[in-house]
Amino acid sequence: MNASKNIKHSKLWLLLTVTVSITISTAITVGQWKSQDQIEILDAVGEGGLAIMSLIWLVATLLSRPAGRVTTALSCGLTLMHTSLLLDCLDEFLTFDHIHPTLSSLEAFPAFLGMIVMSFAMYWWYQEQTYLNLTLLKKERHFREHTFTDYVTGLYSARYMEKQINNEFGMLESKDKPFCVAMFDLNAYSQFCFKYGIAKGEELLRNTGQLITLHTRGCDLTCRYAGDKFVVLFPDTSYKTAHTITARVCEAAKKHYQYDDDLTTINAMTLSTACIEISSRTTNSGVFEQLISLLQQNKQAA
Amino acid sequence: MPYIEIGHEALSTNQLLLPLIELVKQRGVHPDKALKGTKLFYDDLKKQGHRSSFKQLVQVLQNMTHYHLGQDLSFVLGQHMLHNISAQYAPYLFHCANLKSVLVTCNQLQNCIFPYFNARIFRKKQTLHFVLNPAISQIQPFANQFLLEVWLSMVCGFLKWRLPDTTISFQLPFPEPEYAEQFRAFCHQPLTFSQHFAGFVVHHSMMNTQQHAAIEALKAPFCQLQSLPRAGFLSHIESYLIAHPKASQDDLANYLSISTATLKRKFALHNCQFGCVKDRLLSQKAVFCIQQQGYSNAQVAKLLHFNDLPNFRRTFKRWLGITPSELRKV
């Protein structure tokens, strides 16, 4: 009982297994085997291939998607389609003409029903994606590439920021719109990890990423640079505005507390920051080096 | 046996392997997948005083290449190692008065702190040059780069924490990787990539930089350590060859009290040959003499016991792929 609860989508897996078993066993029990000269090998291979591919899609859906309405509808639709394709394949080896001559023609109906269900699933999926895009608004800009994601914070990595800065350089040249880039650095992160461990340190990084995202505008982009450093892109923004926003993020960070497993307050975190306005084309690495050296200066001054 | 071989289960699992497996686990890979082919189980690693071999560590690094674990893994691991080592060796390291004392202590404790590399020292009037060589076995470039990143993150973390006013130049033998930001974030020291050897350069003026909050009187003497771990196989051989530059393979076999055939088998087990080790030591000396001391080809050839100049030039080209004069231009 517990094992079935632990398996993701256990009911949908059960539905798939039962449907496939019933389809195959009913077809074999009710149908009559065709003679070897009646079997068209090419047709059987093609239709068998379609049935296998639909099964792979179904398994991939069940393995990759979280539970919910969209997954249920997608799986049910694909199960019905798979049933049709399976019947189509079995049709090559078995005949049902002795029961009723038109019985074989009914094999397309589950697929038709499945496509209706999947159309609903696609519509819900579109709605779901619209909501997800809203939540990702501050994490990505006009481009999605999962390999650029930072595993620890869920934000995009420095690679993604480099691409976005290159886009901004393009805008700067074509429309003469300067932009700002800021870097945030967690103070005493190393000591924090020493005291509370790497796992707690990674949690702090995750929280900091979310905090920065929360306190920047919808049009800004927050990425994790490396280690305890985050980088924020302020497109089409003056230095004064960007500086005000970075100061607000630092203020918010001072009021944010971490909690231990037994809900004991650990400490408030503080952020060091550096912000630059870019009004002429330079290189990505040049921007980051300038930010890091300014950050060092600001830290020493503090 | 006075040295650790690749298959000897003599390295503390708690120091690098266990934190690595924990990190990999945190990033969504099952420990058993990371430990595949090592004949180790995750629960065994947690046992007090558990020891594992260098071969098992390299196998784990090989297994990790199949997963997308993030490019900061080696650097985070380095920070973790720093905390581990700080907790274990604080009485020896944290009360060294200055950088010079820290370097002497690290040299004494190198088989405890980071037994995977062996530091060879070259002295110049104004600077000290440290070259890092594999201590136990020759390994594949990706594993070597991973271990170098761990070491670099650990050393730079220590410098940032205890000796923030120190500047040390680090040299890395691989080209600047795509994830250069990790180096910029974790290592606040000057870095140069695509060098012939891994190492670092310390200026004599830095030697007296004071360590924060160090009280020399509280520094624990080395005699308090129960026993110092043995050096690695390659490290042990290199020490002998540095002291006896003209030694042949038979001399080395005699020194190790084994037959020449056994020595050859041991070399094969450690992915190298007698000639490779000797070439590495000679080439490092040649590069130092040419680049740092400005020696002429004739001077270097004489120092390295070459009979004639063309032979030296040809051998140098074989070692590094460039001639001595090309190296001077670089």
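Parameters at a glance
Residues numbered from 1 in each chain as written. Chains lettered and ligands numbered in written order. Predicted model: local features only at pLDDT ≥ 70, side-chain atom pairs only at ≥ 80, totals over all residues. Heavy atoms only, no water. Helix = DSSP H or I, 4+ residues; strand = E, 2+ residues; numbered from the N terminus. Contact = heavy atoms within 4.5 Å. Domains from an automatic or database assignment. Buried < 20%, exposed > 50% of the residue type's maximum accessible area, 1.4 Å probe, protein only. Expected span 1.5 Å × (residues − 1). Pairing = 2+ DSSP bridges. Axes fitted to C-alpha atoms, helices over the stretch in contact; angles between N-to-C directions. Buried area = accessible area lost by both parts, 1.4 Å probe. Salt bridge = Lys/Arg side-chain N within 4 Å of Asp/Glu carboxyl O. Polar contact = N/O pair within 3.5 Å; in protein donor to acceptor, adjacent residues only side chain to side chain. Nonpolar A, V, L, I, M, F, W, Y, C, P; charged D, E, K, R; others polar.

Q: Even after reading the chapter, I still don't get the overall build of chain A, so can you show me in this structure?
A: The helix and strand inventory of chain A stands at 10 helices and 8 strands. The dimensions of chain A, computed from C-alpha atoms along their principal axes, are 90 × 55 × 30 Å. The long-range fraction of contacts in chain A, counting pairs at least 24 apart against all pairs at least 6 apart in sequence, stands at 70%.

Q: Looking at this model, I keep getting lost on the domain arrangement of chain A. Mind explaining?
A: The extent of an interface is frequently quoted as the accessible surface area lost upon association of the parts. Each assigned domain of chain A is listed with its residue range as follows: domain 1 (2-135) and domain 2 (146-301). A straight line from the C-alpha centre of domain 1 of chain A to that of domain 2 of chain A covers 48 Å.

Q: Hey, could you run me through the environment of Tyr67 of chain B in this one?
A: All names here are of chain B. Residue position: Tyr67 is located in the loop between α4 (54-64) and α5 (73-93). Each C-alpha atom, one on Tyr67 and one on Pro19, is 17 Å from the other, the two residues being 48 residues apart in sequence. In this structure, Tyr67 is in contact with Val29 and Lys33, ignoring residues within four places of it in sequence.

Q: Explanation requested: unusual backbone geometry in the structure shown.
A: Both trends apply: most residues other than glycine have a negative phi, and most peptide bonds are in trans. All names here are of chain B. The phi angle at Ala213 is positive, at roughly 55°, despite the residue not being glycine. With respect to the helices and strands, Ala213 occurs in the loop between β8 (198-203) and β9 (231-232). Residue Ala213 is classed as exposed on the basis of its relative accessible area of 67%. The phi angle at His305 is positive, at roughly 65°, despite the residue not being glycine. Within the secondary structure, His305 sits in the loop between α14 (297-303) and α15 (309-320). Owing to a relative accessible area of 47%, His305 belongs among the partly exposed residues under this scheme.

Q: What exactly am I supposed to notice about α5 of chain B here?
A: Quick reminder: α-helices carry 3.6 residues per turn. Residues three or four places apart thus point the same way. In this model α5 of chain B runs just 25 Å from its N-terminal to its C-terminal C-alpha over 21 residues, more than 12% under the 30 Å that 1.5 Å per residue would give. Most of α5 of chain B is tucked away: 15 of the 21 residues are buried.

Q: In this structure, what is going on with the sheet that holds strand β7 (residues 191-192) of chain B? I would like to understand it.
A: Either a parallel or an antiparallel arrangement is found when strands of a sheet pair, and the pairing is made through backbone hydrogen bonds. Residues and elements named next belong to chain B. Across the sheet, which stays open at both edges, the 5 strands sit in the order β4-β5-β8-β6-β7 with mixed pairing between neighbours. Strands with a single pairing partner mark the edges of an open sheet, and in this sheet they are β4 (117-123) and β7. In the packing of helix α10 (residues 233-243) onto the sheet, contacts are made with β4 and β5 (127-134), and the angle to β5 comes to roughly 130°.

Q: Got a minute to help me understand the pairing of β4 of chain B in this structure?
A: Residues in a regular strand point their side chains to alternate faces of the sheet. Residues and elements named next belong to chain B. One ladder, built from 7 bridges, connects β4 with β5; its direction is antiparallel. Bridging from a neighbouring strand, Arg123 pairs with Leu128 of β5. Hairpin remark: β4 followed by β5, antiparallel, with 3 residues in the connecting loop.

Q: Would you mind showing me how to read the domain arrangement of chain B here?
A: Residue and element names in this part refer to chain B. Its domain assignment divides chain B into domain 1 (3-224) and domain 2 (244-329). The centre of domain 1, based on its C-alpha atoms, is set 27 Å off from the matching centre of domain 2. Taken together, the contact between domain 1 and domain 2 spans 16 residues of the former and 18 residues of the latter. Summing the contributions of domain 1 and of domain 2, the shared interface buries around 1700 Å²; its carbon and sulfur component is 56%. Of all residues in domain 1, the largest losses of buried area upon contact with domain 2 belong to Gln138, His196 and Phe197, amounting jointly to 32% of the total for that side. At the junction of domain 1 and domain 2, the tally comes to 1 salt bridge. The shortest N-O distance in the salt bridge between Lys266 and Glu5 comes to 2.3 Å. Between domain 1 and domain 2 we count 10 residue pairs in polar contact (both at pLDDT 80 or more) in total. At the level of elements, β4 and β5 are the ones that each hand at least two residues to the side of domain 1 that touches domain 2. Broken down by element, the residue count for the side of domain 1 that touches domain 2 peaks at 4 residues, all from β5. When the residues that make up the side of domain 1 that touches domain 2 are grouped by side-chain class, the tally is 7 nonpolar, 5 polar and 4 charged.

Q: Mind showing me how you'd approach the pattern of salt bridges here?
A: All names here are of chain A. On inspection of all chains with the given rule, the structure shows 19 salt bridges over all chains. Ionic pairing is found between Asp220 and Arg217, a salt bridge with its closest N-O pair at 2.8 Å. Residue classification places Asp220 among the buried residues on the basis of a relative accessible area of 0%. Lys254 is paired through a salt bridge with Glu251; the nearest N and O atoms lie 3.4 Å apart. In this pair, Lys254 and Glu251 both sit in helix α9 (residues 239-254), 3 residues apart, roughly one turn of the helix. Note on Lys254: relative accessible area 45%, which makes it partly exposed.

Q: Quick question: what am I supposed to make of the interface of chain A and chain B here?
A: The partner chain B presents 21 residues to the 22 residues of chain A that form the contact. Where chain A packs against chain B, one counts 4 salt bridges. Where Glu202 of chain A meets Arg27 of chain B, a salt bridge forms, and the shortest distance between an N and an O atom there is 3.1 Å. For the interface between chain A and chain B, the tally reads 8 residue pairs in polar contact (both at pLDDT 80 or more). For the side of chain A that touches chain B, the secondary-structure elements that each account for two or more residues are α6 (158-175), α7 (189-196), α8 (198-214), β4 (221-226) and α10 (284-301) of chain A. Top contributing element to the side of chain A that touches chain B by residue count: α10 of chain A, with 5 residues. Considered class by class, the residues forming the side of chain A that touches chain B number 11 nonpolar, 6 polar and 5 charged.

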